[in-house]
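Observations on the three-dimensional arrangement
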Amino acid sequence: MAKGEGAEQYSNASLLNKPVSSDGIQLAGKHERRNRLSICNKLCYAVGGAPYQITGCALGFFLQIYLLDVAQLDPFYASIILFVGRAWDAVTDPTVGFLVSRSPWTRFGRMLPWILLSTPLAVLSYFLIWYVPPFEDGKVIWYLVFYCLFQTLQTCFHVPYSALTMFISSEQKERDSATAYRMTVEVLGTVIGTAIQGQIVGMANAPCIPGPGDLMEELSNSTLGNITQPVISLEHTKTAYMISSGIICAIYVLCAVVLFFGVRERKDSCHPRSEPMSFFQGIKLVMGHGPYAKLVMGFLFTSLAFMLLEGNFALFCSYTLGFRNDFQNILLVIMLSATLAIPFWQWFLTRFGKKTAVYFGTSSVVPFMILVVCVKSNLIVSYVVSFAAGVSVAAAFLLPWSMLPDVVDDFKVHNPDSVGHEAIFYSFYVFFTKFASGVSLGISTLSLDFAGYVTRGCSQPEEVDLTLKLLVSAAPIALILVGLLIFRSYPIDEETRQGNRKLLQEQRDNEADSETDSTELANMA
């Protein structure tokens with residue numbers, strides 16, 4: 001609050017000391033029109049966020065069950081692949097952010113070349129993740145190599161794309177609007193990823209392997225004449241995964257092309273960029289800014305909660321709830337609900353503030369997390385709970401990316417001579433969330449191994465059911481509560497944000513005036 005008041009006083013004092021002329025008003029209006037984004041610009045920018053969410057949703061919801069039931073890896077090795085892949089992905093984020101911040105400006109910009117050049121190899125490595133090699137001994141190495149390779153190449157796409165938010169316009173209102181477009185398309189991307197992967201794979205779901213209890217039930221059914229022979233083999237399931245991954249790869253390439261040709265990257269200001277800094281100086285820079293550290297830590301815990309839910313929900317629906325043939329439809333309902341709720345949360349944060357939206361949006365999922373494990377397995381109830389939970393998922397998508405530009409603006413206000421570090425801020429946020437998700441996936445898969453998970457089993461031991469309930473309900477709720485407690489100390493409220501906006505606009509106007517004066521003096525000379 002104090003920061004906001006100080007910014008307001010400073011801004012007002014500066015405006016009083018600065019004469020306002022009709023030329024200045026015209027210049028400000030021209031500046032505002034120049035930074036205004038068309039709907040086409042916003043849509044092309046938003047489309048660029050779809051590949052990350054489509055592939056991330058497919059990997060998040062289906063990779064664990066794919067490695068266990070289709071590739072038929074031991075749960076221990078599957079946990080190693082998931083943990084090492086996510087941990088490697090986390091390490092590459094600040095590394096790529098550091099490299100992007102030091103890359104030279106080209107005629108296409110500084111971010112867009114990274115996006116274009118990383119796309120071909122990224123789609124190839126993604127496709128090979130969903131291919132089951134014809135050998136057994138090196139299968140773990142195969143998945144580990146291509147999973148890590150894809151994560152690296154996707155980072156070369158996503159980190160520059162995330163930082164691009166700061167370079168499509170200098171107007172905070174335009175960036176917020178573009179972010180809302182982006183989040184809508186990204187959540188729609190999760191719907192597409194869930195629909196493509198889930199529906200294609202769901203039509204070729206491999207038969208499970210019955211255990212002793214399942215054999216007794218099957219024998220009982222056979223005496224009643226209810227004998228059904230599975231007509232879908234494991235090979236059909238493998239082919240279905242490859243078809244869905246091929247479609248996703250084609251969408252990935254199309255979105256990258258639309259982004260590259262539909263968005264113009266703009267230089268942020270007339271200031272020269274700061275001298276390149278080392279990797280560890282970058283860590284010290286971003287984590288030394290208090291609002292950024294608190295924002296990252298708060299979203300670290302809340303994002304981890306949703307990642308635990310995402311990584312284990314397919315198994316939970318298949319085994320604990322018993323909806324083996326319907327889990328992909330339940331996931332689709334969650335993502336559709338989230339897509340519809342994005343405009344609501346954009347209105348909510350504009351009307352009541354972003355910090356308030358964090359409290360309401362994140363906590364609204366808690367009752368439904370409790371309900372889904374307490375109510376007896378019922379398909380209709382599961383659909384209702386899934387739809388309601390999707391509303392909170394939308395807030396989890398929108399709010400971090402809407403609040404990060406505010407933190408970067410706050411850093412610029414307090415460090416006006418340190419510029420050109422936007423990619424570092426975005427990459428370290430992604431680093432912490434991805435590293436935490438790697439830990440969560442590794443621990444959750446190991447927990448299933450210790451509980452006695454049966455690969456491709458028609459049913460699981462009670463210990464596995466209990467473990468899945470903890471992973472999709474109790475643990476996420478605890479993480480959400482910790483994250484909300486951290487957000488209580490987050491200092492950037494609406495007053496501070498508006499003060500920062502005025503100060504930055506004033507700096508840009510001064511730079512424009514200085515540039516105009518220099519041009520006039522040069523012409524006179």
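Coordinates for the structure precede this section.
One structure accompanies this document, and this report is about it. This structure is a prediction, so every number in the text was calculated from the model and none was measured.

Some thoughts on the environment of His414
- Position of His414 relative to the elements: it lies in helix 16 (residues 379-414).
- A polar contact of 2.8 Å, which involves the side chain of His414, links it to the backbone oxygen of Asp410.

Quick look at the environment of Tyr429
- With respect to the helices and strands, the residue Tyr429 is situated in helix 17 (residues 422-451).
- A relative accessible area of 4% places Tyr429 in the buried class.
- Taking the C-alpha atoms as reference points, Tyr429 and Ala293, separated by 136 residues in sequence, lie 9.2 Å from one another.
- Setting aside its immediate chain neighbours within four residues, Tyr429 contacts Tyr292, Val296, Phe299, Ser303, Pro400, Trp401 and Leu404.

Section: the pattern of salt bridges
- On inspection of all chains with the given rule, the structure shows five salt bridges.
- The partner of Lys42 in a salt bridge is Glu174, with the nearest N and O atoms 3.7 Å apart. Pair noted here: Lys42 is in helix 3 (residues 39-47) and Glu174 is in helix 8 (residues 172-202), with a separation of 132 residues, a long-range link. Residues Lys42 and Glu174 agree in their burial class; the two are buried.

What about the packing of aromatic side chains?
- On inspection of all chains with the given rule, the structure shows 29 aromatic pairs.
- Judged by centre distance (5.3 Å) and plane angle (45 degrees), the rings of Phe108 and Phe260 are tilted. Remark: Phe260 occurs in helix 10 (residues 234-262) and Phe108 occurs in the loop between helix 5 (75-102) and helix 6 (112-129); sequence separation between them is 152 residues.
- Ring geometry for Phe260 versus Phe261: centroids 5.2 Å apart, planes at 85 degrees, classification edge-to-face.

Describing helix 14 (residues 354-363)
- Those residues of helix 14 lying buried are Lys354, Ala357, Val358, Gly361 and Thr362. Seen end-on, helix 14 carries its buried residues on one side only, within an arc spanning 105 degrees.

A look at the nonpolar core
- Counting residues in each nonpolar core, the largest one holds 146 residues, and the members touching the most others are Leu63, Tyr66, Leu67, Trp130, Tyr143, Leu164 and Tyr292.
- No other element matches the 16 residues that helix 12 (residues 290-320) contributes to this core.

Let's talk about a nonpolar patch on the surface
- On the surface, Phe76, Tyr77, Ile80, Phe83 and Val84 cluster together into a nonpolar patch covering about 390 Å² of accessible area.
- Within the secondary structure layout, Phe76 lies in helix 5.

Cut-offs used in this document
- Residues numbered from 1 in each chain as written.
- Predicted model: local features only at pLDDT ≥ 70, side-chain atom pairs only at ≥ 80, totals over all residues.
- Heavy atoms only, no water.
- Helix = DSSP H or I, 4+ residues; strand = E, 2+ residues; numbered from the N terminus.
- Polar contact = N/O pair within 3.5 Å; in protein donor to acceptor, adjacent residues only side chain to side chain.
- Buried < 20%, exposed > 50% of the residue type's maximum accessible area, 1.4 Å probe, protein only.
- Contact = heavy atoms within 4.5 Å.
- Salt bridge = Lys/Arg side-chain N within 4 Å of Asp/Glu carboxyl O.
- Phe/Tyr/Trp six-rings, centres within 6.5 Å; stacked < 30°, edge-to-face > 60°.
- Arc of directions from axis to C-beta.
- Core = buried A, V, L, I, M, F, W, Y, C linked by side-chain atoms within 4.5 Å.
- Patch = residues over 30% accessible without salt bridge, like charges linked within 9 Å, V, L, I, M, F, W, Y side chains within 5 Å.
- Areas by Shrake-Rupley, 256 points an atom, 1.4 Å probe, with all protein chains shown as cover.

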